[in-house]
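# Inside the fold
Here is what each chain is made of, one letter per residue.
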Amino acid sequence: MDVSVLGFGAAEIGYEATSAETVADLLNSALDAGLNVIDTGECYRGSEEAIGKAVSHRRKDFYLFTKCGHPHGMESGANWSKKSILESIERSLQRLQTNQLDLVQLHSCSESELRKGEAIDALQTARERGHTRYIGYSGDSRAAHYAVECDAFDTVQTSISIADQEAIELTLPLAHKKNVGVIAKRPIANVAWKTGHRPMDSYHHEYWERLKKLNYDFLSGYDLEKTIATALRFTLSVPGVHTAIVGTSKPERWEANARLLEAGPLSQSEFQSIRHRWEEVAPRIWIGQV
């Protein structure tokens, strides 16, 4: 797959119950602008259905990724049985209105579950049945490393940002060596610094606390778009990253993101400054965040 540098992350349109009209506007404008990756998951509360309704007629224009393992939502626990995973993939095909997915990923499956082999076998069976072209793993830290190490997956989706850099040394070098595609998730650290105070959403608290301690110089200004641009360009400057998944429910955000990337990757000095600050400050307990 020859993927665009930015991909669309569809969690927000599901969790925020974005209207069908807005989703259609959002996705079609993104595809028109050259984005060719849409990444979703069964547990994203209506996201798959919304995508199917909005752009299934343009199926040849993009690569379609989904995730499985939490058939009743992330809050209700996981089911890694072969039966459950295969049923999940069949539901995804129906909801997304397609005969075949480009990539199906195990969604935050633990290393211990991966080692059991049943979940991996389920994905391999789905591929044999023609339900997906490729299989991948979405997760972080040691589990993501093992997913690359075990030689079962074509891709790994893992957190990489100014506030989440464990994977840069732990997982990406091995992924490059084994020719595994790398999808960066949470590439702008949820813009946890956006309001200048602790975010309301607890999902963002870890990054808020980390960024307070990292105290990057470029976050001290008041130009929010400039800080977002630096953060996104950092992730896309990391060697081995093939695409970065960015979520939004605002159609105008894609034009803004395109402008942010016009300057290209960070300079080597800018990139290394962020990396050195992380190496100076980050304790070992700052592992990749799901």
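First things first, this report covers the structure right here in the doc. (Residues numbered from 1 in each chain as written. Predicted model: local features only at pLDDT ≥ 70, side-chain atom pairs only at ≥ 80, totals over all residues. Heavy atoms only, no water.)

It is worth spelling out the sheet that holds strand E6 (residues 155-159) at this point. Read around the closed barrel, the 8 strands follow the order E1-E2-E3-E4-E5-E6-E7-E8; overall the barrel is parallel. Strand-to-strand twist across the sheet, computed as the mean angle between neighbouring axes with direction ignored, equals 30°. Sheet topology places strand E7 (residues 181-185) next to strand E8 (residues 243-247); 2 bridges connect them, and they run parallel. By the bridge assignment for E8, Ala-184 is matched with Ala-244. Contacting strand E3 (63-68) and strand E4 (101-107), helix H4 (residues 82-96) crosses the sheet at an angle of about 135° to E4. (Pairing = 2+ DSSP bridges. Helix = DSSP H or I, 4+ residues; strand = E, 2+ residues; numbered from the N terminus. Axes fitted to C-alpha atoms, helices over the stretch in contact; angles between N-to-C directions. Contact = heavy atoms within 4.5 Å.)

This brings us to the pairing of strand E5 (residues 132-138). Within E5, 5 of the 7 residues are buried, leaving the element largely enclosed by the surrounding structure. Judged from the 6 bridges that link them, E4 and E5 form a sheet pairing that is parallel. Residue pairing for E5: His-107 is matched across the bridge by Ser-138. For E5 and E6, the ladder comprises 3 bridges, and the chain directions are parallel. Along E6, the bridge assignment pairs Tyr-137 with Val-156. (Buried < 20%, exposed > 50% of the residue type's maximum accessible area, 1.4 Å probe, protein only.)

Let us now look at helix H12 (residues 253-260). Because an α-helix packs 3.6 residues into every turn, residues spaced three or four apart end up facing the same way. Residues of H12 that are buried: Trp-254, Ala-256, Asn-257 and Leu-260. Seen end-on, H12 carries its buried residues on one side only, within an arc spanning 160°. Exposed residues on H12 whose side chains face more than 90 degrees from its buried face are Glu-255 and Arg-259. In this fold, the buried residues of H12 make contact with strand E1 (6-9), helix H2 (20-32), helix H11 (224-237) and E8. (Arc of directions from axis to C-beta.)

It is worth spelling out the packing of aromatic side chains at this point. Throughout the structure, instances matching the rule amount to 5 aromatic pairs. Taking 5.4 Å as the distance between ring centres and 25° as the angle between the ring planes, the aromatic pair formed by Tyr-216 and Phe-218 counts as stacked. The class for Tyr-216 is buried, based on a relative accessible area of 4%. Residue class for Phe-218 comes out partly exposed when judged on its relative accessible area of 22%. (Phe/Tyr/Trp six-rings, centres within 6.5 Å; stacked < 30°, edge-to-face > 60°.)

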